[in-house]
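# Notes for the structure review
Residue-level listing of the chains:
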Amino acid sequence: MDDPDEDTDAARRDARPLPTGKVLGFVWRQWMRRPRRFAAICTLMLAGTLCDLAIPWAAGALVDAASNPAHVAASAWRQWTMLSALYLGYYTVRTAAFQLINSFSARNMEVLTNEAFARVQAFSSDWHADTFSGATVRRVSRAMWGYDTVTDSIFFVLGPGFVVLFGLAVSMGLRWPPAGLFCGVLFMVFIGYNAVVTSRFIRPVNLISNGLDTRIGASLADAIGGNPVVKAFGAEAREIASFSAVTGAWRAATIRTWNAFNVAGLGQNLLMWLLQGGLTGMIVWAWAHHRASAGDVAFALTSFTLMSGYLRNFSETLRNLQKGLDDVLDVADYMQTEPQVADIPSAADYAPPHRGPRGGIVFDRITFNYKGQTLPIFERFSLDIAPGERVALVGPTGSGKSTFVKLIQRLYDLDAGRILIDGTDIATVTQRSLRRAIALVPQDPALFHRTLSENIAYGRPDATQEQVVAAARRARAHDFISRLPKGYDTLVGERGVKLSGGERQRVAIARAFLADAPILVLDEATSSLDVETERQVQAASEALMAGRTTIVIAHRLSTIREADRILVFENGAIVEEGGHGELVAQGGAYARLHHLTQA
Ligand code: ADP
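The sections below set out a description of the structure shown in this document. Model, not experiment: these values are computed from the prediction. (Residues numbered from 1 in each chain as written. Predicted model: local features only at pLDDT ≥ 70, side-chain atom pairs only at ≥ 80, totals over all residues. Heavy atoms only, no water.)

For the chain, the helix and strand inventory stands at 20 helices and ten strands. The C-alpha atoms of the chain give a radius of gyration of 35 Å, which is well past the 25 Å a tight globule of 599 residues would have. For the chain, the spread of C-alpha atoms along the three principal axes comes to 120 × 50 × 45 Å. Across the 599 residues in the chain, those meeting the buried criterion constitute 47%. Nonlocal contacts in the chain, meaning residues at least 24 apart in sequence, comprise 79% of its contacts between residues at least 6 apart. Mean positive and mean negative side-chain charge positions of the chain (59 and 57 charges, respectively) differ by 6 Å. (Helix = DSSP H or I, 4+ residues; strand = E, 2+ residues; numbered from the N terminus. Rg over C-alpha atoms; globule rule 2.2 N^0.38 Å. Buried < 20%, exposed > 50% of the residue type's maximum accessible area, 1.4 Å probe, protein only. Contact = heavy atoms within 4.5 Å. Lys, Arg positive; Asp, Glu negative; His and termini not counted. Charge placed at Lys NZ, Arg CZ, Asp CG, Glu CD.)

Right, let's talk about unusual backbone geometry for a bit. Non-glycine residue His290 carries a positive phi angle of around 55 degrees. Within the secondary structure, His290 is located in the loop between helix H9 (236–288) and helix H10 (294–335).

Counting buried positions along strand S7 (residues 519–523) gives five out of five residues, so the element sits mostly inside the fold. Residues Ile519, Val521 and Asp523 point to one face of S7 and Leu520 and Leu522 to the other, with burial holding for every one of them. Both strand S6 (residues 438–441) and S7 contribute to a ladder of four bridges, which runs parallel. Bridge pairing in S7 places Leu440 opposite Val521. In this sheet, strand S8 (residues 549–553) lies alongside S7 in parallel orientation, the contact comprising five bridges. Its bridge partner being in S8, Leu522 is matched across the sheet by Val552. (Pairing = 2+ DSSP bridges.)

So, about the site of the ligand. Inspection of the region around the ligand gives 13 residues, with Gln373, Gly398, Lys401, Ser402 and Thr403 positioned closest. At 2.6 Å, a backbone N or O of Gly398 approaches an oxygen atom of the ligand. In the complex, 67% of the free accessible area of the ligand, which totals 560 Å², lies under the protein chains. In terms of residue count, the dominant contributor to the shell around the ligand is helix H11 (residues 401–408) (three residues). Among the residues forming the shell around the ligand, the class breakdown is four nonpolar, seven polar and two charged. (Near = heavy atom within 4 Å. Polar contact = N/O pair within 3.5 Å; in protein donor to acceptor, adjacent residues only side chain to side chain. Areas by Shrake-Rupley, 256 points an atom, 1.4 Å probe, with all protein chains shown as cover. Nonpolar A, V, L, I, M, F, W, Y, C, P; charged D, E, K, R; others polar.)

Structure representation (structure tokens):
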């Protein structure tokens, strides 16, 4: 198993995490998808908070009224009604706000996840090659719930908390200025303390434990995806041990994170204690010096109870907010990373010509270099492939055959030059339309864990069942599919593991038949198939090639012989080019390969 630390995407980001302010900006943009709904929620939450804020006043007035026997009947009942109405108002508007928040949050979580998925899909083949799929899965799902935590923290606790705490400091100041000043100063210290501790102390440990959480996802997916190899080597115990090392590191980091939360709580408790001691001390002093009525005492005590409730939640929620933002960070980062191979703004869909020959390919003085490689694979390379021509690519592994095909599919951008298909520069059309014009039959086709029908129709989802069956017949796949108990409705297992190599290949050929693209790329299987299967696959491939420009990464002698042209690759360059007989006669690289395969 590769070391999940090699996930270069994570390494890049961990070295330079997005600042919290930018992540907050990303969350804000999610809220602003529905500004009216956002404003309605804020208004309701504010109304509920104002009810909360008025409660100490009502409590003070009720106690004052109750302590004056002459007015008990009229005034005290009035105050009681007021207090009850405030509580009722508080519960009602908050319930209404929660109702709105539920659909607001769920919808934004859905959109955020969909957009993250779309962005990840748009990233280049290089990005995917460098990134563990399990890590990406973990990051996207963590962001979805991180967004929820951020929204809940702000709407339910921090937003109302700010209003209540400053409102209480002001209302206390109105009734009794020294107490108001005391509370105001303590609140500022409290919020400042929490903000500093959270960003300086909590965030770094959060990022470390999140990194390890991502590694858990990466390791799980890697080892589970590679289960056949694990089984084949009886390596279960080794995999369990290396996975335990990752979860062990996660445990240690998570304990540090939680302990950091706890230690941060110490300072908060000290400030709460100061508030409690100072405020109640001031009340007792005022009461003893006949400067406060019973109502003032009730007002101060109710205020204290209210504020201590908010303060207690405040620091815990601020830490949750930071955690939520750190969870969203990866997706916020994805969303500001432009796809490495992007459509140009004016890109139109590629449409093959309606009439005349289709599928001509021109390499016009192209230069291409893989990132991180010092020498270019292709340098000022030119080649013309005529419409309908059958070209075989031969050469040892690593000689550049797959790269040649990937450039036609525009999986990478060129460093110089152009590739034209039917006269159109492939860099000027949408990637989606370009790739639809090229049908690919890979060497070891990976299928989706969906039905055979769905797999065959993947290149043309609107195909009817009759068309799917017709394509399967042409691909010599119908017979084996019909023998399966569930026929075309059979689920093929992850990556198609429930089918044999030859069967998977014929499904891929059927898929290419249905896609009906003018250009066909056929990467022949190197693994040996039994004679009957080989014959079937070959017949199916022949049928598929008819009438299309075909590029075959060739391993079979028969395909090579029948090619219109053979391109011989060596060390990333085409060293010979021509027909079979011509190249054998030349006595060069191809002739040597030919003799080797015949030996
Ligand atoms: P072939 O298909 O003939 O086996 P490839 O086109 O896959 O050869 O590879 C050609 C060369 O490019 C090899 O040296 C290979 O190591 C290098 N190469 C292939 N893919 C990448 C990549 N994503 N990044 C860097 N180098 C690569």
